[in-house]
Amino acid sequence: MTSPDPVTLYIALGSNIDPEANLRRCVDLLGSKITVTALSSVYRTPPQGDTNQADFLNMVVQGQSNVTPGTLKTDVLDWIERELKRVRDPRNKNAPRTIDLDLLLWGDSVLEYGSKPWKVPDADILRYAHVAIPLAELAPAQIHPTEKMTFRAIAERFDNVPFEIVPLFRS
């Protein structure tokens, strides 16, 4: 299912199993399905929840698509996770992973989609520095659809979180 006009969207990417290779491959696969318009820096971050594992590399991709959020989830994000051999441990939702993809924003919409249902804007924007900071890098002045504050202001809440930028896509 498609809409006539492309929507600007933001997707969070994270990996801690061969993360450099998996993030590069993920961006390539995303580019084969949507129009990728910008990449945030890549941030090395400590794992959440299950802390007895390798650090993650996290980033946000800005893109455009004219499919529905549900179609993006099933035909793009889930497909990429399968291609990169993502394993979901039902006993540990914070287990190591080759790739984790989450739709953060769909234009300025507030919506639910899919069977879970998933929500946009993704609540992790407000909860985690590894989501808020790369998103704010790409869209600092954009207003959060429900919080009515800029992504820069949201990211500034996490100023005390130390991050290392990994030059994966930039020299």
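Procedures and definitions
Residues numbered from 1 in each chain as written. Predicted model: local features only at pLDDT ≥ 70, side-chain atom pairs only at ≥ 80, totals over all residues. Heavy atoms only, no water. Helix = DSSP H or I, 4+ residues; strand = E, 2+ residues; numbered from the N terminus. Buried < 20%, exposed > 50% of the residue type's maximum accessible area, 1.4 Å probe, protein only. Contact = heavy atoms within 4.5 Å. Axes fitted to C-alpha atoms, helices over the stretch in contact; angles between N-to-C directions. Left-handed = near helix turned anticlockwise from the far one by under 90°. Phe/Tyr/Trp six-rings, centres within 6.5 Å; stacked < 30°, edge-to-face > 60°. Lys NZ or Arg CZ within 6 Å of the ring centre and 35° of its normal.

Asks: Account for the environment of leucine 111, with residues named and values stated.
Replies: Take leucine 111: it is sitting in strand S6 (residues 111-113). With a relative accessible area of 23%, leucine 111 lands in the partly exposed category. Setting aside chain neighbours within four positions, we find leucine 111 in contact with Pro69, Trp106, Trp118, Lys119 and Val120.

Asks: Kindly report on the packing of helix H1 (residues 19-33) against helix H2 (residues 69-83), identifying the contributing residues and their values.
Replies: One can describe the packing of H1 onto H2 by two numbers: an axis separation of 10 Å at closest approach and a directional angle of 145°. Of the two elements, H1 crosses H2, and the hand of that crossing is right-handed. Counting all contacts with H1, which are made through Cys26, Leu29, Leu30, Ser32 and Lys33, the residues of H2 involved are Asp75, Val76, Leu77, Trp79, Ile80 and Glu83.

Asks: Please provide a residue-by-residue account of the environment of phenylalanine 169, values included.
Replies: Relative to the helices and strands, phenylalanine 169 is located in the segment after strand S8 (164-166). With 151 residues separating them in the primary sequence, phenylalanine 169 and aspartate 18 have C-alpha atoms 15 Å apart.

Asks: So what's going on with the packing of aromatic side chains? Which residues, and what values?
Replies: Under the counting rule described, the total for this entry stands at two aromatic pairs. Ring centres of tyrosine 43 and phenylalanine 163 lie 5.6 Å apart, and the angle between their planes is 55°; this geometry places the pair in the tilted category. Here tyrosine 43 is found in strand S3 (residues 42-45), whereas its partner phenylalanine 163 is found in the loop between helix H5 (151-156) and S8, with 120 residues between them in sequence. Judged by relative accessible area, which is 22%, phenylalanine 163 ranks as partly exposed. Above the plane of the ring of tryptophan 79 lies lysine 33, whose end atom (NZ or CZ) is 4.6 Å from the centre.

The values reported here are purely geometric and, on their own, carry no functional implication.
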